[in-house]
Amino acid sequence: MQQAQTMLVATIASPREEVPDDSLILSEAEITKLTLSILRHHGLAQEQATALTELIVAAERGECPSHGVYRLAGLVRTMKSGKVKLDARPSVSVDDTAIVRVDADSGFSPLAFNLGRPRLAEKARKHGIAAMAINRCVHFTALWPEVEALCADGLVSMAMTPSHSWVAPAGGVKPLFGTNPFAFGWPRPSGNPYVFDFATSMVARGEIELHRQRNEPLPDGWAIDRNGKPTNDAAAAMSGALLTFGGHKGSALSTMIELIAGPLIGDLTSAQSQHFDDGAGAAPFHGELVIALCPNVFLKDAKDRYFESAEGLLNNIVAQGARLPSQRRFEARVRTGLNGISVSRPQYEILKSLTL
Ligand code: NDP
Ligand code: PYC
C-alpha cells in the first residue's frame, strides 16, 4: 500500500517545468491527486479527504499559501495525534427555528459545512436570516470558500471561528484569543462576489509559520515575544503572542468571535481548544458560526434596485484606484488556471515525504 502510494505521487506530481526561483509548477490536477493521496495514505476517509482537498487546492489556486499545501504536514500531525476522527460522519439537525446545527463528529470542518449548507440556504430563504452552528470540528481552513459558496446560493453571509489561543488582547501580553477569522460575502449581479476574509490578529498564524520556514523577519507590530516585548522573529512570536489588528478594535471583534462562535453555539473558546490540544500540536478543535441573509426576503421586488445601488458603492471604491478584497485572489485563479501552481522545492520535498 505504502509503496503504491509513493509511486502514485511520483507519477502524478512529477514537475512539468522548473522555474528559476527553485519552485516547481504543478497542474491543479496534480496538486489535487497529491493532496488526496497524502490524506488517504494517513487514513482519512474518502468523503472527508475529498472535502478537505477541495479547500487546500482552492487556496493554492488563489495563491493563498497560508492555507494551501503547506498545511498538509500539520494535518498529518493532527491525524497521527488522534485529535481528529478520521471517519467522522457529520450529522445535520434542524427544528422550526432558523438555526441549523451540524455536529461534525470530531472530524474536519469542510464536510460538515458542505452537508449543512443546503439546509442553511433553505432556512435563510424561508426566514430571511438563518444561522448554522457547526460543532465539534477540527478547523484549519480559510473561510472565503464558504462565503463564496453562499454567494453562489444568492445569499449574503458571514462566517467566523475561534482557533487556538495565540493572540494577546489589546493591552495584554499573554496569548488568549485565537487568530479568529471573519469572512463576509455579498453576491453581485454579475461577475465575482464581494468577499473579504481575514484573521482578527495582524495576520494568520500560518503566515508566521511560513516566515519562520523561510527565515524571514516579521514586519513591526505583528507580534510580541514571551516577555511581552515587540519581536520580528517568527519563532519568538510563536512562543509569545500575535497582536490583534487595529488595536482595541480587532481585540473587541476577536472577543465577539470567541463569544458567538464559542459559548453561544455550545462550543469551545480558543483557550479551551488549546487546552484540549494538550501539547499535541494538532489543528484547533471547536465550533464555527455561519450567518446567512436572503436578499429576496429582505427586499422582495426592490432587490434589483438596491443591488444596483450596492454596485454603485463598490464601483466607487474601485474608481478611487483602491482594490476590492479578493480581487488579487480572483486574478490569481485565472493566472494559475493558465500557468499552473507554483510549489517551492523544499515544500515539494516535504509533501513527498508525507506519502512515505
Ligand atoms: P490578510 O491580512 O492578507 O487579509 C486577507 C483579506 O484582505 C483578503 O480578503 C484579501 O484579499 C484582503 N486584502 C488584502 N490586502 C488588501 C488590499 N490592499 N486591499 C483590499 N483588500 C485586501 O489575510 P490574513 O492573514 O488575515 O488571513 C488569511 C486567511 O487565513 C483567511 O482566509 C482566513 O480565513 C484564514 N484564517 C483561518 C483561520 C482558522 O482558524 N480557520 C484562522 C486565521 C486565519 P486578497 O485575497 O484578494 O488579497
Ligand atoms: O493561520 O491562524 C491560522 C489558522 C488557525 C487555524 C487555521 N489557520
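Small disclaimer: the values here were computed from a predicted structure and weren't measured.

Let us now look at the overall build of the chain. Assigned secondary structure in the chain consists of 14 helices and 13 strands. The C-alpha radius of gyration computed for the chain amounts to 20 Å, which stays within 12% of the reference 21 Å derived for 356 residues, consistent with globular compactness. Each principal axis of the C-alpha distribution contributes one length, and for the chain these read about 60 × 45 × 45 Å. Expressed as a percentage of its 356 residues, the buried residues of the chain come to 52%. Look at the contacts in the chain between residues 6 or more apart in sequence, and 66% of them connect residues 24 or more apart.

The nonpolar side chains of a soluble globular protein tend to be buried with one another. Ranked by size, the top nonpolar core spans 28 residues in total, and within it Phe-113, Leu-120, Met-132, Ile-134, Leu-155 and Val-290 carry the most contacts. Taken together, the elements giving at least two residues each to this core come down to helix H3 (46-61), strand E4 (99-103), helix H5 (109-127), strand E5 (129-138), helix H6 (144-152) and strand E12 (285-293). Excluding anything up to four places from it in sequence, Met-132 contacts Val-100, Val-102, Phe-113, Gly-116, Arg-117, Leu-120, Glu-288, Leu-289 and Val-290. By size, the runner-up hydrophobic cluster in this structure holds 27 residues, among which are Ile-56, Phe-108, Val-138 and Val-343.

Turning our eyes to something else, we now look at the site of ligand 2. Every residue near ligand 2 is listed here: His-67, Arg-71, His-139, Phe-140, Ser-163, Trp-166, Thr-179, Ala-204, Arg-205 and Gly-206. His-67 is positioned such that a nitrogen or oxygen atom in its side chain is 2.8 Å from a nitrogen atom of ligand 2. Contact between ligand 2 and Arg-71: an oxygen atom at 2.7 Å from a side-chain N or O atom of the residue. Summarising the interface, the protein chains cover 93% of the accessible area of ligand 2, which totals 240 Å² for the free molecule. When the residues that make up the shell around ligand 2 are grouped by side-chain class, the tally is three nonpolar, five polar and two charged.

Here we come to the sheet that holds strand E11 (residues 241-242). A sheet is described by the order of its strands in space; here three strands give the open sequence E10-E9-E11, paired in antiparallel fashion. This sheet does not close on itself; its edge strands, each paired only once, are strand E10 (230-231) and E11.

Here we come to the packing of aromatic side chains. Applying the stated criterion across every chain, the model contains nine aromatic pairs. Judged by centre distance (5.5 Å) and plane angle (70°), the rings of Phe-198 and Phe-245 are edge-to-face. Of this pair, Phe-198 sits in strand E8 (residues 194-199) while Phe-245 sits in the loop between E11 and helix H9 (248-260); the two residues are 47 residues apart in sequence, bridging distant segments of the chain. Take Phe-198: its relative accessible area is 35%, and that puts it in the partly exposed class. Judged by its relative accessible area of 26%, Phe-245 is partly exposed.

The immediate surroundings of ligand 1 are formed by 23 residues, with Thr-141, Asp-197, Ala-199, Ala-204 and Arg-328 found nearest. In this structure, His-139 approaches ligand 1 through a side-chain N or O atom, which is 3.1 Å from a nitrogen atom. Contact between ligand 1 and Ala-204: an oxygen atom at 2.9 Å from a main-chain N or O atom of the residue. For ligand 1, the accessible surface in isolation is 920 Å², of which the surrounding protein chains cover 74%. When residues in the shell around ligand 1 are grouped by element, the largest group, four residues, is from E8. Tallied by class, the residues present in the shell around ligand 1 amount to 12 nonpolar, seven polar and four charged.

Here we take up the pattern of salt bridges. Applying the stated criterion across every chain, the model contains 16 salt bridges. When the shortest N-O distance is used, the salt bridge between Asp-22 and Arg-345 registers 3.8 Å. Pair noted here: Asp-22 is in the loop between strand E1 (17-19) and strand E2 (23-26) and Arg-345 is in helix H14 (residues 345-353), with a separation of 323 residues, a long-range link. Exposure remark for Asp-22: the relative accessible area of 42% places this residue in the partly exposed category. One connected set of salt bridges, linked through shared partners, spans Asp-22, Arg-345, Glu-349 and Lys-352.

Looking now at the side chain of Asp-267. Looking at where Asp-267 falls in the secondary structure, it is placed in the loop between H9 and helix H10 (270-277). For Asp-267, which is buried and forms no salt bridge, the nearest opposite charge comes from Arg-136, at a distance of 6.9 Å. A distance of 2.8 Å separates a polar atom in the side chain of Asp-267 from a polar atom in the side chain of Asn-135. Reaching out from Asp-267, the side chain makes a polar contact with the backbone nitrogen of Arg-136 at a distance of 3.0 Å. Those residues within four positions of Asp-267 in sequence are excluded, and the remaining contacts are Ile-134, Asn-135, Arg-136, Gly-262, Gln-272, His-286 and Gly-287.

Analysis parameters
- Residues numbered from 1 in each chain as written.
- Chains lettered and ligands numbered in written order.
- Predicted model: local features only at pLDDT ≥ 70, side-chain atom pairs only at ≥ 80, totals over all residues.
- Heavy atoms only, no water.
- Helix = DSSP H or I, 4+ residues; strand = E, 2+ residues; numbered from the N terminus.
- Rg over C-alpha atoms; globule rule 2.2 N^0.38 Å.
- Buried < 20%, exposed > 50% of the residue type's maximum accessible area, 1.4 Å probe, protein only.
- Contact = heavy atoms within 4.5 Å.
- Core = buried A, V, L, I, M, F, W, Y, C linked by side-chain atoms within 4.5 Å.
- Near = heavy atom within 4 Å.
- Polar contact = N/O pair within 3.5 Å; in protein donor to acceptor, adjacent residues only side chain to side chain.
- Areas by Shrake-Rupley, 256 points an atom, 1.4 Å probe, with all protein chains shown as cover.
- Nonpolar A, V, L, I, M, F, W, Y, C, P; charged D, E, K, R; others polar.
- Pairing = 2+ DSSP bridges.
- Phe/Tyr/Trp six-rings, centres within 6.5 Å; stacked < 30°, edge-to-face > 60°.
- Salt bridge = Lys/Arg side-chain N within 4 Å of Asp/Glu carboxyl O.
- Lys, Arg positive; Asp, Glu negative; His and termini not counted.

Interpretation in functional terms is not warranted from these geometric data alone.
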